[in-house]
Amino acid sequence: MSDQQLDHADDRRAGDGSARLVPRRSVLRGLLGGAAAVVAANSVTPGVAHALGTNRPTGGGSDYEDGFNTLASEDSTRSIPFYGEHQAGIGTPPQTAAAFLAFDVTAANRAELTDLFRTLTARAAFLTAGGTPAQAQPNQPPADDRLLGPTVLPDDLTVTVALGASLFDGRYGLGPRKPAQLETMRAFPHDALDPAISDGDLLVQLCANHHDTVGHAMLDLLQHTGGGMRLRWRMEAFRFPPRPVGIPRDWMGFKDGITNPDTSDAGQMNQEVWLQPGTPEPAWTAGGTYQVIRIIRMLLDKWSQVPVDQQEHIFGRRKLSGAPLYATSPTASDTLDPVYTNDPQGLLTPLNCHIRLANPQTPQTAATSAILRRSFQYDRSLDPAGVPNLGHVFCCFQQQLNTYTTMQTRLEDEILVPYITPMGGGYFFAVPGVRNAQDYFASGLLA
Ligand code: HEM
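Residues numbered from 1 in each chain as written. Predicted model: local features only at pLDDT ≥ 70, side-chain atom pairs only at ≥ 80, totals over all residues.

### Observations regarding the pairing of strand E9 (residues 420-430)
Moving on, step 1. Counting buried positions along E9 gives nine out of eleven residues, so the element sits mostly inside the fold.
Moving on, step 2. With three bridges connecting them, strand E2 (residues 158-164) and E9 associate as antiparallel partners. By the bridge assignment for E9, Ala 162 is matched with Ala 430.
Moving on, step 3. Across ten bridges, the pairing between strand E5 (residues 289-298) and E9 is antiparallel. Across the sheet, Val 292 pairs through a bridge with Tyr 427, a residue of E9. (Buried ≥ 20, exposed ≤ 12 C-beta atoms within 10 Å, placed from the backbone. Helix = DSSP H or I, 4+ residues; strand = E, 2+ residues; numbered from the N terminus. Pairing = 2+ DSSP bridges.)

### Digging into the pairing of strand E8 (residues 388-398)
Moving on, step 1. Here E8 lies mainly inside the structure; eight of its eleven residues are buried.
Moving on, step 2. Taken together, the eight bridges between E5 and E8 define a ladder with antiparallel strand orientation. Residue pairing for E8: Ile 293 is matched across the bridge by Cys 395.
Moving on, step 3. The pairing of strand E6 (residues 372-373) with E8 spans two bridges and is classified as antiparallel. The partner of Arg 373 across the bridge, within E8, is Cys 396.
Moving on, step 4. Sheet analysis places strand E7 (residues 376-382) next to E8, joined by five bridges and oriented antiparallel. From the neighbouring strand, Tyr 378 faces E8, where its bridge partner is Gly 391.
Moving on, step 5. The antiparallel hairpin formed by E7 and E8 contains five residues in its connecting segment, where Gly 386 sits at a positive phi of about 85 degrees.

### Considering the packing of helix H5 (residues 110-129) against helix H6 (residues 211-224)
Moving on, step 1. With their axes 10 Å apart at the nearest point, H5 and H6 run at an angle of 150 degrees to one another. If you check the angle between H5 and H6, you find them roughly antiparallel. Where H5 crosses over H6, the two elements pack in a sense that is right-handed. Residues Thr 119, Leu 120, Arg 123 and Leu 127 of H5 form the contact with H6, whose participating residues are Ala 217, Asp 220, Leu 221 and His 224.
Moving on, step 2. Here the residues of the contact of H5 with H6 are counted per class, giving four nonpolar, two polar and two charged. (Axes fitted to C-alpha atoms, helices over the stretch in contact; angles between N-to-C directions. Parallel < 35°, antiparallel > 145°, perpendicular 65-115°, else oblique. Left-handed = near helix turned anticlockwise from the far one by under 90°. Contact = placed C-beta atoms within 7 Å. Nonpolar A, V, L, I, M, F, W, Y, C, P; charged D, E, K, R; others polar.)

### Some details on the site of the ligand
Moving on, step 1. Not every one of the 26 residues close to the ligand is listed here, only the nearest: Phe 254, Ile 258, Thr 259, Ala 358 and Asn 359.
Moving on, step 2. Broken down by secondary-structure element, the contributors of at least two residues to the shell around the ligand are E5, helix H10 (354-358), E8 and helix H11 (401-411).
Moving on, step 3. When residues of the shell around the ligand are assigned to their parent elements, the largest contribution, four residues, is made by H11. (Near = placed C-beta within 6 Å.)

### Quick word on H11
Moving on, step 1. Looking at H11, one finds that the buried residues are Leu 401, Thr 403, Tyr 404, Met 407 and Gln 408. Buried residues of H11 fall within an arc of 155 degrees about the axis and therefore sit on the same side.
Moving on, step 2. Of the surrounding elements, those touching the buried residues of H11 are E5, H10, E8 and E9. (Arc of directions from axis to C-beta.)

By themselves, these are just geometric observations and shouldn't be taken as functional.
As structure tokens, then:
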């Protein structure tokens, strides 16, 4: 939280020390015209969406049930613009189906690597726009598996490409152009990292409204890029429907994703998410962002034994409403901001609860408290003991990788620790957007 935002948080406090309950998005709601804005956001045509940039109207609370928190569209003909300054799938609202695909790159040299990125770009441009697949010649393999029927439907598909630190080793001579903070993920004290689901030269994040769209895109990319990269690990993931409305819940039953940067605010995104030109970072990185994936198993058998009021103190929010702990009414809004100024000892909101360690709202932590979370849930069947392996594909984007690592370091002391086990993931750099049909992923790096 910036100092200015902290000031605003203080403004919301009544003189008697009790919290005045003011929803934080009231200004935005007023500007957008409330529910009408939600309808407008959902009926936006591709052309209009393009004019708006990669961001649609957004919001975190119940009033924005179809805003940033989940695209609930059943309209498979709708598309999210592929070309732009930034990649889609970051500042665009999370869809309900996702796959995270990590690859080892097998291209023999820099020229083959460039071919790989050109091919990925061409396939992503086609798949995200949709259309009729090419007709195969008789006796030739089919051009499309027809998983989506006669026409490839865009279905709000986004294809987001990010690079791992290992791509910048000696193989392609890219070392001097590595994003300055990009490194291989190291284990934090409570991690149990499994190399089989960690790291990779390349991460492709696929998101769409339906799982068949995601599966089709994955098979298409694998078919077209066979010689250039090999799948290293894969996580299928999803977002639950909002219950009853607003922010979707995670496996632990809490609304997850309430406090997030406003993706429709270009100024905030430029400050917190997108890399800017004229920094110590290599010039080609401007418009990109650091992406962190953490595959975090939730120990739900243990969690289910914890009384709800303790669960609420572990996260720092109410379970059913999602409101901060100072709001006791079951109908309190999750748009209320957590405020700690009248609770320095953590009597109401524990100092070591999840949200207070993630964002302590102090001047010392203001620079390391804002990340854009865009997480999904996973279901990985049974573990060897016969227990369902369920959890979180935690995904976040930030201008500085250090923001994430500092936040995670604080969270090593949180009281949620006994109920989760981080198992894998990695650090990546999501490249800038593909500008037009002549451009390709990471062109600034490879040119
Ligand atoms: C299984 C793992 C996790 C679960 C179940 C979880 C769940 C939650 C929940 C329920 C909230 C409160 C509602 C909200 O604002 O979204 C929250 C907030 C938050 N979480 Fe997590 N989270 C997890 C991991 C992480 C990690 C790894 C980070 C970053 C290192 C993180 C950063 C945050 C932040 C920044 C907030 C908002 C804090 C605020 O400003 O109030 N979370 N999380």
